[in-house]
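Structure at a glance
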Amino acid sequence: MELTLWFVSRATGLVALLLLTVSLVLGVVGAGRVTMQRWPRFTLAALHRNIALMTVLFLAVHVSTTIIDPYAGIGWLDAVLPFGSVYHPFWLGLGALALDLFIAVMLTSMVRTHLNPGLWRAVHWAGYGCWPVALVHGLGIGGKDTELSWVLSLNVTCALTVLLAVGWRLRIGRHPDTEARRSANLARR
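Computed from a prediction, not measured in an experiment: that's the story for all the values here. (Residues numbered from 1 in each chain as written. Predicted model: local features only at pLDDT ≥ 70, side-chain atom pairs only at ≥ 80, totals over all residues. Heavy atoms only, no water.)

1. Comments concerning the environment of L139
Locating L139 in the fold gives a position in helix α6 (residues 126-141). Of the residues examined, L139 reaches a relative accessible area of 38% and is grouped as partly exposed. Put simply, L139 and V151 are twelve residues apart on the chain and 9.5 Å apart in space, counted from C-alpha to C-alpha. (Helix = DSSP H or I, 4+ residues; strand = E, 2+ residues; numbered from the N terminus. Buried < 20%, exposed > 50% of the residue type's maximum accessible area, 1.4 Å probe, protein only.)

2. Focus on the layout of surface pockets
Volume-wise, the second largest pocket comes out at about 860 Å³. Lining the second largest pocket are 44 residues, and of these S9, G13, H62, H137 and I141 lie nearest its centre. Breaking the lining of the second largest pocket down by element, the ones donating at least two residues are α1 (2-31), α2 (41-68), α4 (89-110), α6 and α7 (149-172). Per-element tally for the lining of the second largest pocket: the top contributor is α1, with eleven residues. (1 Å grid on protein atoms, 1.4 Å probe; cavity = no way out; pocket = protein on both sides within 12 Å on 5 of 7 lines; lining within 4 Å. Points joined across faces, edges and corners; volume = space filled by probe spheres on them.)

3. Observations concerning a nonpolar patch on the surface
A surface patch of nonpolar side chains, amounting to about 420 Å² of accessible area, comprises F83, F90, W91, L97 and V136. When residues of the nonpolar patch are assigned to their parent elements, the largest contribution, three residues, is made by α4. (Patch = residues over 30% accessible without salt bridge, like charges linked within 9 Å, V, L, I, M, F, W, Y side chains within 5 Å. Areas by Shrake-Rupley, 256 points an atom, 1.4 Å probe, with all protein chains shown as cover. Salt bridge = Lys/Arg side-chain N within 4 Å of Asp/Glu carboxyl O.)

4. Side note on unusual backbone geometry
One non-glycine residue, F83, lies in the positive phi region at around 65°. One can find F83 in the loop between α3 (76-80) and α4.

5. Thoughts on the nonpolar core
Note on soluble globular proteins: their nonpolar side chains tend to be buried together. The biggest cluster of nonpolar side chains holds 29 residues, and the ones touching the most others in it are L20 and W131. Looking at this core, the elements that each hand over two or more residues are α1, α2, α4, α6 and α7. In terms of residue count, α1 provides more of this core than any other element does, seven residues in total. Residues within four places of L20 in sequence aside, it is in contact with T55, F102, C130, W131 and A134. (Core = buried A, V, L, I, M, F, W, Y, C linked by side-chain atoms within 4.5 Å. Contact = heavy atoms within 4.5 Å.)

6. Details of the side chain of D69
Structurally, D69 can be placed in the loop between α2 and α3. One buried charged residue, D69, forms no salt bridge at all, with the nearest opposite charge on R10 at 7.9 Å. A distance of 3.1 Å separates a polar side-chain atom of D69 from the backbone nitrogen of Y71. When residues no more than four places from it in sequence are discounted, the contact partners of D69 are E2, L5 and W6. (Lys, Arg positive; Asp, Glu negative; His and termini not counted. Polar contact = N/O pair within 3.5 Å; in protein donor to acceptor, adjacent residues only side chain to side chain.)

7. Focus: the packing of aromatic side chains
Centre-to-centre distance and the angle between the planes together describe a pair of aromatic rings. One pass over the full model with this rule turns up five aromatic pairs. Ring centres 4.9 Å apart and planes at 70° place the aromatic pair W6 and F7 in the edge-to-face group. Look at Y71 and Y87: their rings are 6.3 Å apart centre to centre, the planes differ by 80°, and that puts the pair in the edge-to-face class. Taken together, the positions of Y71 in the loop between α2 and α3 and Y87 in the loop between α3 and α4 put the pair 16 residues apart, joining distant regions of the chain. The rings of F83, F90 and W91 are connected pair by pair, giving a single aromatic cluster. Here the guanidinium or amino end of R112 rests over the ring plane of W120, the centre of that ring lying 3.6 Å away. (Phe/Tyr/Trp six-rings, centres within 6.5 Å; stacked < 30°, edge-to-face > 60°. Lys NZ or Arg CZ within 6 Å of the ring centre and 35° of its normal.)

8. Here we look at the pattern of salt bridges
By the definition in use, this model includes two salt bridges. The partner of D145 in a salt bridge is R10, and the shortest N-O contact between them spans 3.0 Å. One end of the pair, D145, is in the loop between α6 and α7; the other, R10, is in helix α1, with 135 residues separating them in the sequence. For R10, a relative accessible area of 23% puts it in the partly exposed group.

9. Considerations on the packing of α1 against α2
It is the contact of α1 with α2, at a shortest axis distance of 8 Å, that shows an interaxial angle of 155°. Our classification of the angle between α1 and α2 gives roughly antiparallel. Once α1 is placed against α2, the crossing between them reads as left-handed. Of the residues in the contact of α1 with α2, the class split is 18 nonpolar, eleven polar and no charged. (Axes fitted to C-alpha atoms, helices over the stretch in contact; angles between N-to-C directions. Parallel < 35°, antiparallel > 145°, perpendicular 65-115°, else oblique. Left-handed = near helix turned anticlockwise from the far one by under 90°. Nonpolar A, V, L, I, M, F, W, Y, C, P; charged D, E, K, R; others polar.)

Limitation: the analysis is restricted to geometry and does not speak to function.
This is the structure in structure tokens:
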């Protein structure tokens, strides 16, 4: 049973990273307001949201199986309080930090309509911090698994995909609607 928990924990961690990557890339592309006739912006936003929700499910299984597995002796508090675990405190702490950032983004997104848009946007920017911390967590705590060619390929592909998306977003700059909204807000002050 313990070996099964270990495999499930590793597998769901890798799938969660893949889904987090896709969600981040869709968020970056959506922020650039990309539209196509067959792919309207609301579809992109819905896909981003649904993939983020799938990420929640895989993270829940990843964290739960890690805690249930008696091998490392990781407790529930270790999953959310960074750097307090006796088992690989730094690497597990990065995972807890990434989880905390992800939870903050998720919770504020759930109540977005009740928040100041600037506050929501500021917290949502934590997604840019969550992703690399999660990637480094997996690389550091993954042990020999990270040396497997397919795991290494997955990590490199995720990193390159995010770098390309963020580079593209920085290159296109701000959308004219965003600039107009920002100017209107400044004029009101």
